[in-house]
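Working through the structure, step by step
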Amino acid sequence: DSGVQFFEGVEKLLEVWFTNSDNSNKHADLRKIPRNKLESILKIVRCEIISFINNEQIDAYVLSESSMFISKRRFILKTCGTTTPLLCLQSLLLLVEQYAGFTEVEDLFYSRKNYKRPELQIGPHQDFDQEVALLDAIFPDGAAYCLGTMNKDCWYLYTLNPPRDSSINNTLTSLDPDQTLEILMTDLDPDVMSIFTREECLTAGEATKKSGIDKIIPNMVVDDYLFEPCGYSMNGISKNGCYMTIHITPEAEFSYVSFETNIPATSYREVITKVLDTFHPGKFVITVFTNQTSAAIETPKEMQHWPAIGEWKRRDMQHCCFKNYDLTYAFYSKFPS
Ligand code: PUT
């Protein structure tokens, strides 16, 4: 025992899209939910807001445990540690109806990597079955998946996948282009991780520059935070509503870094390479969601041609087709585990 207090960097990620089935309220907007109501939701989740930036398209919050992004009809909550995001779901749905003016959940994604120490989590987050039971009680069309190796590194997903009926026009289908890239990294280079400590950097801005995070997706407005004595979070947003977010648990015994963005690109090869060159992980999971109108629609096909990325070899790859999205999951590592 090294005496270092364990911290679970692996996040639970909830993304919910809302709509009005009959277009009844053009002024519906999730950003109408008052700040004190958001704070009460986050209390249920066991975290709090520590910083905020916004523009016309998106509100971005750095939380004590990761991030929250709110735009007109998309709500994203990403929380690490022993937070309990699924416990706030019912209250969130009520607030959305009461304040934001949406009547329907159009799409929902709840995902996470396997934890390093699942036994330290609080119910229902100790195992995926419990999480699924909670979600199934709310969503009749929910579908649960595990991608990757169930006894080693894997990634869980719960999403809405209603049975298709070609005779009915699905009026809820969104045509807005959308895509999400996530890279979840473990066993990171200790020399890179030491940047994200108060011993090596006095400010978050210094860590952002020194690590090269500012170069991964340039020209974003950045809100970064360096924790005491170590740990780092950043949100980046751009005028068109795109976001990026990075969260770092640097301790060698349980190092973890997550990267997520929704920037459109015809290929993610460059951004993935930049992320890997910045953090030097031992292993990582990549997930890419693309909908029918996304510029990144060819990414799943392109990824089939990446049996290796630099020094990392692909150990696993899976592809799923959902209601509105295609999903590609891949796991890479330097060494076979
Ligand atoms: N994290 C889920 C992403 C879905 C597509 N935006």
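Higher on the page you've got the structure.
Turning our eyes to something else, we now look at the environment of Val 4. Inspection of the secondary structure assignment puts Val 4 in the segment before strand E1 (12-19). For the pair Val 4 and Glu 302, spaced 298 residues apart in sequence, the C-alpha separation works out to 41 Å. Beyond its immediate stretch of four places on either side in the chain, Val 4 contacts Glu 251, Glu 253 and Phe 254.

Structurally, Ile 213 is set in helix H6 (residues 213-216). For the pair Ile 213 and Ala 143, spaced 70 residues apart in sequence, the C-alpha separation works out to 35 Å. Filtering out sequence-adjacent residues up to four positions away, Ile 213 remains in contact with Phe 196, Thr 208, Tyr 232, Met 234, Ile 246, Ile 248, Thr 278 and Phe 279.

For the structure shown, the criterion picks out two cavities of 30 Å³ or more. In this model, the largest cavity occupies a volume close to 110 Å³. Lining the largest cavity, in full, are Leu 13, Glu 15, Phe 109, Ser 111, Trp 155, Leu 157, Asp 178, Thr 180, Glu 182, Thr 287, Phe 289 and Tyr 325. Secondary structure elements with two or more residues in the lining of the largest cavity: E1, strand E6 (104-113), strand E8 (154-160), strand E9 (179-188) and strand E14 (281-291). Residues of the lining of the largest cavity, tallied by class, amount to six nonpolar, three polar and three charged.

As a further point, take the pairing of strand E12 (residues 243-249). Counting buried positions over the seven residues of E12 gives seven, a clear majority of the element. Of the pairings in the sheet, the one linking strand E11 (residues 232-237) to E12 comprises six bridges and is antiparallel in character. Bridge assignment links Ser 233 to a residue of E12, and that residue is His 247. Adjacent in sequence and paired antiparallel, E11 and E12 are bridged by five residues, among which Gly 241 carries a positive phi angle near 95 degrees. As paired strands, E12 and strand E13 (residues 256-261) are joined by six bridges and run antiparallel to one another.

Here we come to the pattern of salt bridges. All chains considered together, the criterion is met by 16 salt bridges. The residue Glu 200 makes a salt bridge to Lys 210 at a minimum N-O spacing of 3.2 Å. Separated by ten residues along the polypeptide, Glu 200 in the loop between helix H4 (190-193) and helix H5 (204-211) and Lys 210 in helix H5 bring together distant segments of the chain. You can call Glu 200 partly exposed: its relative accessible area is 32%. If you follow the salt bridges from partner to partner, you end up with Arg 73, Glu 106 and Asp 176 in one network.

The nonpolar side chains of a soluble globular protein tend to be buried, and buried together. Core analysis: the largest hydrophobic core is formed by 54 residues, its most contacted members being Met 68, Leu 77 and Tyr 158. If we skip the residues at most four places from it in the chain, Tyr 158 touches Leu 108, Phe 109, Tyr 110, Phe 128, Val 132, Leu 135, Asp 136, Phe 139, Gly 142, Ala 143 and Ala 144.

This paragraph deals with the site of the ligand. Around the ligand, the structure places Leu 13, Glu 15, Phe 109, Asp 178, Thr 180, Phe 289 and Tyr 325. Between Glu 15 and the ligand, the recorded distance is 2.7 Å, taken from a side-chain N or O atom to a nitrogen atom. For the ligand, the accessible surface in isolation is 240 Å², of which the surrounding protein chains cover 98%. Judged by the proximity of its atoms to the pocket grid, the ligand belongs to the largest cavity. Broken down by class, the residue content of the shell around the ligand amounts to four nonpolar, one polar and two charged.

Okay, unusual backbone geometry next. Of note, the bond from Gly 123 into Pro 124 is cis; its omega dihedral lies within 30 degrees of zero at 10 degrees. Looking at the element boundaries, Pro 124 is found in the loop between E6 and helix H3 (128-136). With an omega of 0 degrees, the peptide bond between Glu 228 and Pro 229 qualifies as cis. Residue position: Pro 229 is located in the loop between strand E10 (221-226) and E11. Notably, Arg 46 is not glycine yet its phi reads approximately 75 degrees, a positive angle. Tracing the backbone through its elements, the reader meets Arg 46 in the loop between helix H1 (35-45) and strand E2 (49-54).

The next subject is the environment of Ile 41. For Ile 41, the location among the structural elements is in helix H1. We classify Ile 41 as buried; its relative accessible area is 3%. Counting along the chain gives 47 residues from Ile 41 to Cys 88, while the straight-line C-alpha distance between them is 5.8 Å. For Ile 41, the residues in contact, after removing those within four places along its chain, are Cys 88, Ser 91, Leu 92 and Leu 95.

Before going further, it helps to examine the pairing of E9. Extensive coverage of E9 is indicated by the burial of nine of its ten residues. Inspection of the sheet shows E9 paired to E13 by six bridges, in the antiparallel sense. Within E13, the residue paired with Glu 182 across the bridge is Glu 260.

Right, let's talk about the sheet that holds E2 for a bit. What the eight strands build is an open sheet, ordered E2-E3-E4-E5-E1-E6-E8-E7; its pairing is antiparallel. Strands at the two margins of the open sheet, each flanked by one partner only, are E2 and strand E7 (142-148). Averaged over all neighbouring strand pairs, the angle between strand axes comes to 10 degrees, with direction disregarded. Across six bridges, E1 lies against strand E5 (residues 74-79) in antiparallel orientation. Bridge pairing in E5 links Leu 14 to Leu 77. The strands touched by H1 are E2, strand E3 (58-63), strand E4 (66-71) and E5; relative to E2, the strand with the most contacts, the crossing angle is about 135 degrees.

The rules we used
Residues numbered from 1 in each chain as written. Predicted model: local features only at pLDDT ≥ 70, side-chain atom pairs only at ≥ 80, totals over all residues. Heavy atoms only, no water. Helix = DSSP H or I, 4+ residues; strand = E, 2+ residues; numbered from the N terminus. Contact = heavy atoms within 4.5 Å. 1 Å grid on protein atoms, 1.4 Å probe; cavity = no way out; pocket = protein on both sides within 12 Å on 5 of 7 lines; lining within 4 Å. Points joined across faces, edges and corners; volume = space filled by probe spheres on them. Nonpolar A, V, L, I, M, F, W, Y, C, P; charged D, E, K, R; others polar. Buried < 20%, exposed > 50% of the residue type's maximum accessible area, 1.4 Å probe, protein only. Pairing = 2+ DSSP bridges. Salt bridge = Lys/Arg side-chain N within 4 Å of Asp/Glu carboxyl O. Core = buried A, V, L, I, M, F, W, Y, C linked by side-chain atoms within 4.5 Å. Near = heavy atom within 4 Å. Polar contact = N/O pair within 3.5 Å; in protein donor to acceptor, adjacent residues only side chain to side chain. Areas by Shrake-Rupley, 256 points an atom, 1.4 Å probe, with all protein chains shown as cover. Sits in = over half its atoms within 2 Å of the grid points. Axes fitted to C-alpha atoms, helices over the stretch in contact; angles between N-to-C directions.

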